[in-house]
Amino acid sequence: MSRTLEEVQATIQIAKLKENDLQNTIHCLTFGESVSSGDYCLMELDDTLCKHIEAGKSLVIRGDQDERAVLCSEDKTYDLKIADTSNLLLLVPGCVTPDQLTTDNQTSSQLVHAQIWGFSNSYWELRKRHPKLKKLKRLLMENPYEGPGISGQEDVTEGKYTRGDLLERIQASEEELEAQLQTIHACDVNGYWRLLDFDYEMKLLGHITQLVDSESWSFSKVPLRVSLEELGRLEPQEMIEHSLNCYGRCYMDNGEVFFALNEDKVCRATAQMLLQNAAKFNLAEFQEVWQQSVPEGMGTRLDQLKSLALVDRSSKPETISLLRVEDLPEDTLERFTHLFTMREKWTEEDITPYIQDLCGEKQTTGALLTKYARLSTQNGMKVFNSRRLVAT
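Residues numbered from 1 in each chain as written. Predicted model: local features only at pLDDT ≥ 70, side-chain atom pairs only at ≥ 80, totals over all residues. Heavy atoms only, no water.

Engineer: So, the overall build of the protein: which residues are in play, and what are the values?
Structural biologist: Regarding its fold elements, the protein presents 13 helices and 17 strands. At 30 Å, the protein has a C-alpha radius of gyration far larger than the 21 Å of a compact globule built from 392 residues. Counting over 392 residues, the protein shows a buried share of 38%. When contacts within the protein are restricted to residue pairs at least 6 apart in sequence, long-range pairs at least 24 apart make up 64% of them. As displayed, the protein has an accessible area near 23,900 Å², and 47% of this comes from carbon and sulfur atoms. (Helix = DSSP H or I, 4+ residues; strand = E, 2+ residues; numbered from the N terminus. Rg over C-alpha atoms; globule rule 2.2 N^0.38 Å. Buried < 20%, exposed > 50% of the residue type's maximum accessible area, 1.4 Å probe, protein only. Contact = heavy atoms within 4.5 Å. Areas by Shrake-Rupley, 256 points an atom, 1.4 Å probe, with all protein chains shown as cover.)

Engineer: Please provide a residue-by-residue account of the packing of helix 6 (residues 198-215) against helix 8 (residues 237-247), values included.
Structural biologist: For the pair helix 6 and helix 8, the least separation of the axes is 10 Å and the interaxial angle reads 90 degrees. With respect to helix 8, the axis of helix 6 lies roughly perpendicular. Facing helix 6, whose interface residues are Tyr-200, Glu-201, Leu-204, Leu-205 and Ile-208, helix 8 presents Met-239, Ile-240, Ser-243, Leu-244 and Tyr-247. Within the contact of helix 6 with helix 8, the residues separate by chemical class into 8 nonpolar, 1 polar and 1 charged. (Axes fitted to C-alpha atoms, helices over the stretch in contact; angles between N-to-C directions. Parallel < 35°, antiparallel > 145°, perpendicular 65-115°, else oblique. Nonpolar A, V, L, I, M, F, W, Y, C, P; charged D, E, K, R; others polar.)

Engineer: Any details on the sheet that holds strand 9 (residues 222-223)? Residues and values, ideally.
Structural biologist: Sheet architecture is open: 3 strands sit in the order 9-11-10, paired in antiparallel fashion. This sheet does not close on itself; its edge strands, each paired only once, are strand 9 and strand 10 (248-253). Across 2 bridges, the pairing between strand 9 and strand 11 (residues 256-261) is antiparallel. Counted as the bridge partner of Pro-223 is Phe-258 from strand 11. (Pairing = 2+ DSSP bridges.)

Engineer: Which residues make up the packing of aromatic side chains, and what values go with them?
Structural biologist: By the definition in use, this model includes 8 aromatic pairs. Taking the centre distance of 5.8 Å and the plane angle of 75 degrees together, the rings of Tyr-145 and Tyr-200 count as edge-to-face. Of this pair, Tyr-145 sits in the loop between helix 3 (134-140) and helix 4 (163-169) while Tyr-200 sits in helix 6; the two residues are 55 residues apart in sequence, bridging distant segments of the chain. Note on accessibility: Tyr-145 and Tyr-200 belong to one class, buried. Aromatic side chains Tyr-251 and Phe-258 sit 6.0 Å apart centroid to centroid with 25 degrees between the ring planes, which places their arrangement in the stacked category. Taken as a pair, Tyr-251 and Phe-258 share a single burial class, namely buried. (Phe/Tyr/Trp six-rings, centres within 6.5 Å; stacked < 30°, edge-to-face > 60°.)

Engineer: Explain the sheet that holds strand 16 (residues 373-378) residue by residue, including any values.
Structural biologist: Taken together, the 3 strands give an open sheet; going across it, the order is 15-17-16, and neighbouring strands pair in antiparallel fashion. The open sheet terminates on both sides in strands that have one partner only, identified here as strand 15 (345-346) and strand 16. Bridge count between strand 16 and strand 17 (residues 381-386): 6 bridges; the pairing is antiparallel. Pairing of Arg-374 across the sheet is with Asn-385, part of strand 17. Strand contacts of helix 11 (residues 332-342): strand 15, strand 16 and strand 17, with the helix running at about 115 degrees to strand 17, the strand carrying the most contacts. Across the sheet, helix 13 (residues 365-372) is in contact with strand 16 and strand 17; its angle to strand 16 comes to roughly 90 degrees.

Engineer: I'd like a description of helix 10 (residues 283-293), backed by residues and values.
Structural biologist: Residues of helix 10 that are buried include every one of Leu-283, Phe-286 and Trp-290, and no others. End-on view of helix 10: buried residues confined to an arc of 55 degrees, all on one side of the axis. Residues of helix 10 that are exposed and angled more than 90 degrees away from the buried face: Ala-284, Glu-288 and Gln-292. Structurally, helix 10 contributes buried residues whose contacts are with helix 9 (263-275), strand 12 (281-282), strand 13 (309-312) and strand 14 (319-322). Between a side-chain oxygen at the N-terminus of helix 10 and the backbone nitrogen of Ala-284 the separation is 3.0 Å; the capping residue is Asn-282. (Arc of directions from axis to C-beta. Polar contact = N/O pair within 3.5 Å; in protein donor to acceptor, adjacent residues only side chain to side chain.)

Engineer: Go over the layout of surface pockets, please, and point to the residues and values.
Structural biologist: There is about 710 Å³ of room inside the second largest pocket. Forming the boundary of the second largest pocket are 24 residues, of which Val-311, Arg-313, Arg-343, Thr-347 and Asp-350 lie nearest the centre. Those elements giving two or more residues to the lining of the second largest pocket turn out to be strand 13, strand 15, helix 12 (348-351) and strand 17. When residues in the lining of the second largest pocket are grouped by element, the largest group, 4 residues, is from strand 13. (1 Å grid on protein atoms, 1.4 Å probe; cavity = no way out; pocket = protein on both sides within 12 Å on 5 of 7 lines; lining within 4 Å. Points joined across faces, edges and corners; volume = space filled by probe spheres on them.)

Engineer: Explain the pattern of salt bridges to me, using residue names and the numbers behind them.
Structural biologist: Charged atoms that come close allow side chains of opposite charge to pair. Under the criterion given, the structure shown has 21 salt bridges. In this structure, Lys-135 and Asp-64 form a salt bridge, with 2.4 Å as the shortest nitrogen-oxygen distance. Residue Lys-135 is located in helix 3, and its partner Asp-64 is located in the loop between strand 2 (60-62) and strand 3 (70-72); the two are separated by 71 residues in the primary sequence. According to the relative accessible area criterion, Asp-64 is partly exposed, its value standing at 23%. Across the salt bridge formed by Glu-230 and Arg-233, the nearest N and O atoms sit 3.0 Å from each other. (Salt bridge = Lys/Arg side-chain N within 4 Å of Asp/Glu carboxyl O.)

Engineer: Quick one: what's the story with the state of the cysteines, residue by residue and with numbers?
Structural biologist: All told, the structure shown has 0 disulfides when counted by the stated rule. Sulfur of Cys-267: no disulfide; nearest cysteine sulfur belongs to Cys-246 and is 16 Å away. (Disulfide = S-S within 2.5 Å.)

Engineer: Outline the side chain of Ser-307, listing residues and values.
Structural biologist: With respect to the helices, strands and loops of the structure, Ser-307 is situated in the loop between helix 10 and strand 13. Those residues within four positions of Ser-307 in sequence are excluded, and the remaining contacts are Arg-268, Leu-323, Arg-324, Val-325, Pro-353 and Tyr-354.

Engineer: Summarise a nonpolar patch on the surface; cite the residues concerned and give the values.
Structural biologist: On the surface, Leu-29, Phe-31, Leu-88 and Leu-90 cluster together to form a nonpolar patch covering roughly 370 Å² of accessible area. Put simply, the parts of the chain that give the nonpolar patch at least two residues each are strand 1 (25-31) and strand 4 (77-91). Inspection of the secondary structure puts Phe-31 in strand 1. (Patch = residues over 30% accessible without salt bridge, like charges linked within 9 Å, V, L, I, M, F, W, Y side chains within 5 Å.)

Keep in mind these numbers describe shape, not what the thing actually does.
Below, the structure is given as structure tokens:
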């Protein structure tokens, strides 16, 4: 039964409160019929996400049954964590806060009746996190694209994923997913996102660099139209253009489209091609073969291989081996455990490329090393070795 203004004023006097110290508008709350704590879930949003919702945009919860759910906006991913509170949280539609009240010319108390629709003693708390993208490559590798006439089963949809399929399966925002598809050189083939088989990808790149050499073009000015005309007889034109986009930068000059090939990307891909065929490579021999394998006029440097290959200076002779950051665990604790299982001691220079992607917006690799590794000195050199890492 709803209270009257006189009953409320009597309660104020019993509580020994001064009516002048209170808002003139008084809310009288009552529980609606069949209200329970399971009717609603509450979520705490920051200003950015509030504006996102107020603009009519959506937030999406993503995750398979064996994964912890995440919340995604258009461009960010958040962990979902239940936070308990000692205060009962009430859901009261139509209730206004003091700053929303219009008290102009209001001298007497006014009673407003509001009905409670739900209540809860917990809410969903959001924490920004890195997208979980490792699964993307695993899915796309189920059916890598090996070129027309080689796959021979382009009508088969098994192991192929549309953009919508990937958004359903990958725990990342649309922008983060799009950026990762570009990073791993995925390509839209007949409506399905495909990862090119690495040998086929290198075959396409080889066609382009050979054409540049035969035509005596500059690597910084490769004409798209002529490239498609010359190489279109060997491979689909969309694959040639895709390769140019992966390994070059597109620009216009006098109304014509050109690409400037990226020396570091070409040299890095060539190194991967060489390293994937051996567990370890003599460093000196590798550097010689590597330089001979890249197009004439391009120069190789070990710093082009950060997060791709690991040099072991302690072995005699020195060696190099393939170690791709995308093959390491996504979880920070698991990543450090894996790295220290591979190698007992790391220099900061060696380990940084393999933990840089774990850093948040305001976090540095130094902060990660302080938390997950122990600094020591070996032969006058600072090295990091394992702490006793325990999952929390």
